[in-house]
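Fold and geometry: a report
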Amino acid sequence: MKTVLRSILILAFLAGCFWLYTLLFPSAEKVVLKRIASLAATATIARGEGPLSRANKVSNLIGFFATDAEIAYDVNGVGARTLSGRDEIREAAAGGFVGLASLNVRFQDATVRMGPDRQNAEVSCTANVSANGEPNSGIQELHFNLRKIDGEWLITHAETVKTLR
Amino acid sequence: VLFATGGQGLLGKGRWFILNAVTTETKTADTEPGWLQIALIGRRPKFTLVRIIILVTLVTLTVKFVLLPIRVEGISMEPTYRNHKIDCVNRLAYVLHEPKRGDVVAVRYSEPGHFSEPSQMLMKRIIGLPGESISFHDGRVYINGRLLEEPYLKSSCDWEHSPIQCGPNEYYVVGDNRSMPFEYHVQGRAERDHIIGKVLL
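It should be emphasised that the depicted structure is a prediction, and the values quoted were computed from it without experimental measurement.

A few points about the overall build of chain B
Looking only at helices and strands, chain B has four helices and 11 strands in total. Looking at chain B as a whole, 36% of its 201 residues are labelled buried. Here the contacts in chain B between residues at least 6 apart in sequence split such that 55% fall between residues at least 24 apart. On chain B, roughly 12800 Å² of surface is accessible, and the fraction owed to carbon and sulfur atoms is 63%.

Below you can see the structure in the form of structure tokens.
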């Protein structure tokens, strides 16, 4: 009984050490996933959020993108368009935020593929967006390409993907 | 005290008698738990705890890896699957064989991998298999130019579309509600690895 108890305690201790290690030194995949989750949180606008807070959100949002970033989207009812560079993205984000009472953005089922040099990553996820508190949300598959620039993971390319072709 | 008394002078018989007496007393106390205890944790709490742990583990593993609970949102599968209906996706359905025509399947949006909770998926019926050509004429489906019988359809439509070729790893999926206009109905070729299982009921 004592041996079993000791073994369990040792295993629990090792598991705790491993958990602490992953917490202090997260893998690149985890950092990328966290970055994508932060992007969704930054793009979310709560009802009643003032213009100053929205402007702040736009500038924070731009920080997720590389200077030469590109966003290509083709969404039913919105059409197809490509945004190139931070300025165009900032303009589109600011314009999009103006007419909305609230916006809820979630990126679900995210999977990360790291490049061989571990400096590039590809993320595939399902974007779940609902505007103005509407119960019917828009769901869209998204692909992101990220690059580690000056120690920070920045989006270099984002595009909508048609799940059913 | 009882044990010490029984152990004196190697009195095996007496020792047994005393020990038995102790056991009998304990058993009498164990077999008469209060009704509240019986209702809450059973007659033997240790076994109840073990049963609970086993049950929770089994349910968690089943829900996570075998039967994925789903709630239907939307009207594209009506009347077969009504909006807000609760169902399950059998994730092991295609372990031994590939998806078949007529199967109602769950298709995930993003690339295979981790599932968020809650997750979003498409629920569609397979009408075209890999390598086949699918076309719509006067609201009816043609596979490689031959008419497909669809007994599950309850409404007619006037969909028209030129042949669409499925790749070697692609299945053509569509909803049962064909009364919707073609361009508003989400349908098309799904890659095999995006099909996560068969809808159970």
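The discussion continues.
Details of a nonpolar patch on the surface
Taken together, A:Trp19, A:Leu20, A:Tyr21, A:Leu23, A:Leu24 and A:Phe25 make up a surface patch of nonpolar side chains, about 710 Å² in accessible area. The topology assignment puts A:Leu20 in helix H1 (residues 2-24).

What about the packing of helix H3 (residues 51-62) of chain A against helix H4 (residues 85-98) of chain A?
Residue and element names in this part refer to chain A. Interaxial distance between H3 and H4 falls to 10 Å at its minimum, and their mutual angle equals 150 degrees. On the basis of their axis angle, the class for H3 and H4 is roughly antiparallel. Relative to H4, the crossing made by H3 is right-handed. Counting all contacts with H3, which are made through Arg 54, Lys 57, Val 58, Leu 61 and Ile 62, the residues of H4 involved are Arg 86, Ile 89, Arg 90, Ala 93, Ala 94, Phe 97 and Val 98.

Points about the packing of helix H2 (residues 28-43) of chain A against H3(A)
Axes are the key here: two packed helices are described by the angle between their axes and the distance separating the axes. Residue and element names in this part refer to chain A. Two elements in contact, H2 and H3, have axes separated by 9 Å at closest approach and are oriented at 160 degrees. The angle between H2 and H3 falls in the class roughly antiparallel. By crossing handedness, the relation of H2 to H3 is classed as left-handed. On H3, the residues touching Leu 39, Ala 41, Thr 42 and Ala 43 of H2 are Lys 57, Asn 60 and Leu 61.

Observations concerning the interface of chain A and chain B
At the junction of the two partners, chain A supplies 16 residues and chain B supplies 23 residues. Where chain A meets chain B, there are three salt bridges. Between A:Arg165 and B:Glu191 there is a salt bridge; the shortest N-O distance is 3.0 Å. Inspection of the region where chain A meets chain B yields 11 residue pairs in polar contact (both at pLDDT 80 or more). Elements with a minimum of two residues in the side of chain A that touches chain B: strand E3 (103-114), strand E4 (120-131) and strand E5 (138-149) of chain A. For the side of chain A that touches chain B, the element with the highest residue contribution is E3(A), accounting for six residues. Classifying every residue of the side of chain A that touches chain B gives four nonpolar, seven polar and five charged.

What counts, and where the lines are drawn
- Residues numbered from 1 in each chain as written.
- Chains lettered and ligands numbered in written order.
- Predicted model: local features only at pLDDT ≥ 70, side-chain atom pairs only at ≥ 80, totals over all residues.
- Heavy atoms only, no water.
- Helix = DSSP H or I, 4+ residues; strand = E, 2+ residues; numbered from the N terminus.
- Buried < 20%, exposed > 50% of the residue type's maximum accessible area, 1.4 Å probe, protein only.
- Contact = heavy atoms within 4.5 Å.
- Areas by Shrake-Rupley, 256 points an atom, 1.4 Å probe, with all protein chains shown as cover.
- Patch = residues over 30% accessible without salt bridge, like charges linked within 9 Å, V, L, I, M, F, W, Y side chains within 5 Å.
- Salt bridge = Lys/Arg side-chain N within 4 Å of Asp/Glu carboxyl O.
- Axes fitted to C-alpha atoms, helices over the stretch in contact; angles between N-to-C directions.
- Parallel < 35°, antiparallel > 145°, perpendicular 65-115°, else oblique.
- Left-handed = near helix turned anticlockwise from the far one by under 90°.
- Polar contact = N/O pair within 3.5 Å; in protein donor to acceptor, adjacent residues only side chain to side chain.
- Nonpolar A, V, L, I, M, F, W, Y, C, P; charged D, E, K, R; others polar.

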